[in-house]
Amino acid sequence: MLFKNEKLNSLFQELEDIKETYVDLSIGSLDKKSKMPWTEYKKEYEKLGEIIDYAEFQSIQRELIEEVIYSIMEMLDGYRNLNFEADIVDKNTGELITKNIQLHDKYRDFIEAKKKLLGF
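Residues numbered from 1 in each chain as written. Predicted model: local features only at pLDDT ≥ 70, side-chain atom pairs only at ≥ 80, totals over all residues. Heavy atoms only, no water.

**Q** Now, about unusual backbone geometry: what can you tell me, with residues and values included?
**A** Across the chain, the bulk of peptide bonds are trans and the bulk of non-glycine residues have phi less than zero. Positive phi is not limited to glycine here, since Asn 100 has a value of about 60°. Here Asn 100 is to be found in the loop between α3 (54–77) and α4 (103–118). (Helix = DSSP H or I, 4+ residues; strand = E, 2+ residues; numbered from the N terminus.)

This is the structure in structure tokens:
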């Protein structure tokens, strides 16, 4: 557990699981033998697979998806042009998950802590 707040850990871990799923799908799509129905750009992935190192592509995909998630967290924190304020609430308890925290900062901390744990 990276944070004392179990709900934040759960939220961020689910986002990480989603990220890794799509990183894996992207990497798999580089191989011409793969059957990846999730993308409309199979031929483009195959072309990339001929010229890019899979590990480098994996790193690029991870970085890109992390930045998208970070931007979504910024939006929820009020740093984007959303026309209303948003919060994350536990429906079962009514607890405000985002109370007194900046999601985008906590997400970055979560990512950095996971990288240290995994030796990146």
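Here the narrative resumes.
**Q** Go over the pattern of salt bridges with me, naming the residues and quoting the values.
**A** One pass over the full model with this rule turns up 11 salt bridges. The salt bridge partner of Arg 62 is Glu 20, with a shortest N-O separation of 2.8 Å. With Arg 62 in helix α3 and Glu 20 in helix α1 (residues 6–29), this residue pair connects regions lying 42 residues apart in the sequence. Residue class for Glu 20 comes out partly exposed when judged on its relative accessible area of 22%. Among the charged side chains, a salt-bridge network with shared partners connects Glu 16, Lys 19, Glu 20, Arg 62, Glu 66 and Lys 115. (Salt bridge = Lys/Arg side-chain N within 4 Å of Asp/Glu carboxyl O. Buried < 20%, exposed > 50% of the residue type's maximum accessible area, 1.4 Å probe, protein only.)

**Q** Give me the lowdown on the side chain of Thr 39, citing residues and values where you can.
**A** With respect to the secondary-structure elements, Thr 39 resides in the loop between α1 and α2 (42–51). Beyond its immediate sequence surroundings of up to four residues, Thr 39 is in contact with Ser 29 and Tyr 45. (Contact = heavy atoms within 4.5 Å.)

**Q** An account of the packing of α3 against α4 is needed here, citing residue identities and associated values.
**A** Any two packed helices are characterised by the angle at which their axes cross and by the distance between the axes. Packing of α3 against α4 brings their axes to within 7 Å, and their N-to-C directions diverge by 150°. The orientation of α3 with respect to α4, classified from their angle, is roughly antiparallel. Packed against α3, whose contacting residues are Glu 66, Glu 67, Ile 69, Tyr 70, Met 73, Glu 74, Leu 76 and Asp 77, the element α4 presents Leu 103, His 104, Asp 105, Tyr 107, Arg 108, Ile 111 and Lys 115 at the interface. Classifying every residue of the contact of α3 with α4 by side-chain character gives 7 nonpolar, 1 polar and 7 charged. (Axes fitted to C-alpha atoms, helices over the stretch in contact; angles between N-to-C directions. Parallel < 35°, antiparallel > 145°, perpendicular 65-115°, else oblique. Nonpolar A, V, L, I, M, F, W, Y, C, P; charged D, E, K, R; others polar.)

**Q** Help me get a handle on the nonpolar core, residues and values and all.
**A** The biggest cluster of nonpolar side chains holds 18 residues, and the ones touching the most others in it are Leu 8, Phe 12, Ile 69, Met 73, Leu 103 and Tyr 107. Mapped onto this core, the elements with two or more residues apiece are α1, α3 and α4. (Core = buried A, V, L, I, M, F, W, Y, C linked by side-chain atoms within 4.5 Å.)

**Q** Break down the packing of α1 against α3 for me, citing the residues and quoting the values.
**A** It is the contact of α1 with α3, at a shortest axis distance of 9 Å, that shows an interaxial angle of 145°. Crossing of α1 against α3: the hand is right-handed. On α3, the residues touching Phe 12, Leu 15, Lys 19, Glu 20, Tyr 22, Val 23, Asp 24, Ser 26 and Ile 27 of α1 are Tyr 54, Phe 57, Gln 58, Gln 61, Arg 62, Ile 65, Glu 66, Ile 69 and Met 73. (Left-handed = near helix turned anticlockwise from the far one by under 90°.)

**Q** Report on the packing of aromatic side chains, specifying residues and quantitative values.
**A** As enumerated under the stated definition, the model contains 5 aromatic pairs in all. Measuring from centroid to centroid gives 5.5 Å for Phe 12 and Phe 110, while their planes differ by 50°, and the two rings are tilted. Here Phe 12 is found in helix α1, whereas its partner Phe 110 is found in helix α4, with 98 residues between them in sequence. Both residues of the pair, Phe 12 and Phe 110, belong to the buried class. Put simply, the rings of Tyr 22, Trp 38, Tyr 45 and Phe 57 touch in pairs and so form one group of aromatic residues. (Phe/Tyr/Trp six-rings, centres within 6.5 Å; stacked < 30°, edge-to-face > 60°.)

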